[in-house]
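# A closer look at the structure
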Amino acid sequence: METHIPPPWGTDWQPAPPPEPKPKPGPPGNPKWVKGMKSPNPAGRPPGSTAQTILLKRMLENADGIVDMLIFKAMEGDTNSASLILSRIMPSIKAQAQRVAFDFDHTAPVSQQVEQVIAAMADGSVPADIGRQIVDAIGSLSAIRATEQLEARIIALEEKQG
């Protein structure tokens, strides 16, 4: 028969006492100040004494050295430094839609306008991506016109009834 022997480290265990409640904090600010009291600093905070202003002054004082170090590291082959320098002195290249010219009748119905664009894409005078942008623009304009026409019809109906 086996006898169960409890481990020595578990025989005198007792739960921890509950934590004591923390005192509630008082009102924010200096407790010695009383409403209506004369300010201990009537001149106020001196200009340029904020942490941000102080840091900015330090950065401006050391700007030449920082730029020199960045250029040095870039010349040594540090691609992060080179990228940072180039991003500041060269504008980023943005895609620009090319100009296209093709026969387009803006007075035609919307479906015929889209057909004109598709025909221009088919004969190569309009690239496919530009053609899609033109078709999207035609669709947007068509939706705006439909909303305006609906609004005009509602106004006309209200005038007849009123």
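To be clear, the structure that these remarks concern was listed above.
Residues numbered from 1 in each chain as written. Predicted model: local features only at pLDDT ≥ 70, side-chain atom pairs only at ≥ 80, totals over all residues. Heavy atoms only, no water.

## As for the packing of helix α4 (residues 110-122) against helix α5 (residues 128-161)
Where α4 meets α5, the axes come as close as 9 Å, and the angle between the chain directions of the two elements is 175 degrees. With respect to α5, the axis of α4 lies roughly antiparallel. Contacts between α4 and α5 involve V110, Q113, V114, V117 and M121 from the first element and A128, G131, R132, I134, V135, I138 and S142 from the second. Tallied by class, the residues present in the contact of α4 with α5 amount to eight nonpolar, three polar and one charged. (Axes fitted to C-alpha atoms, helices over the stretch in contact; angles between N-to-C directions. Helix = DSSP H or I, 4+ residues; strand = E, 2+ residues; numbered from the N terminus. Parallel < 35°, antiparallel > 145°, perpendicular 65-115°, else oblique. Contact = heavy atoms within 4.5 Å. Nonpolar A, V, L, I, M, F, W, Y, C, P; charged D, E, K, R; others polar.)

## Details of the packing of helix α2 (residues 63-76) against helix α3 (residues 79-89)
A packed helix pair is summarised by two numbers, namely the angle formed by the two axes and the spacing between the axes. At a minimum axis separation of 7 Å, α2 and α3 run at an interaxial angle of 125 degrees. Taken together, the axes of α2 and α3 lie oblique to each other. Every pair of crossing elements has a handedness; the one defined by α2 and α3 is left-handed. In this structure, α2 contributes L70, I71, K73 and A74 to the contact, and α3 contributes S81, A82, L84 and I85. Of the residues that constitute the contact of α2 with α3, the class distribution is six nonpolar, one polar and one charged. (Left-handed = near helix turned anticlockwise from the far one by under 90°.)

## Brief notes about α5
Between its first and last C-alpha atoms α5 spans 49 Å; for 34 residues at 1.5 Å apiece the expected length is 50 Å, and the two agree. Every buried residue of α5 is listed here: I130, G131 and I138. Along its buried surface, α5 packs onto α4. (Expected span 1.5 Å × (residues − 1). Buried < 20%, exposed > 50% of the residue type's maximum accessible area, 1.4 Å probe, protein only.)

## Observations regarding the environment of A82
Mapping A82 onto the fold places it in helix α3. Separated by 55 residues in sequence, A82 and A137 place their C-alpha atoms 40 Å apart.

## Section: the side chain of S81
Within the secondary structure, S81 sits in helix α3. Setting aside residues no more than four positions away along its own chain, S81 makes contact with L70, K73 and A74.

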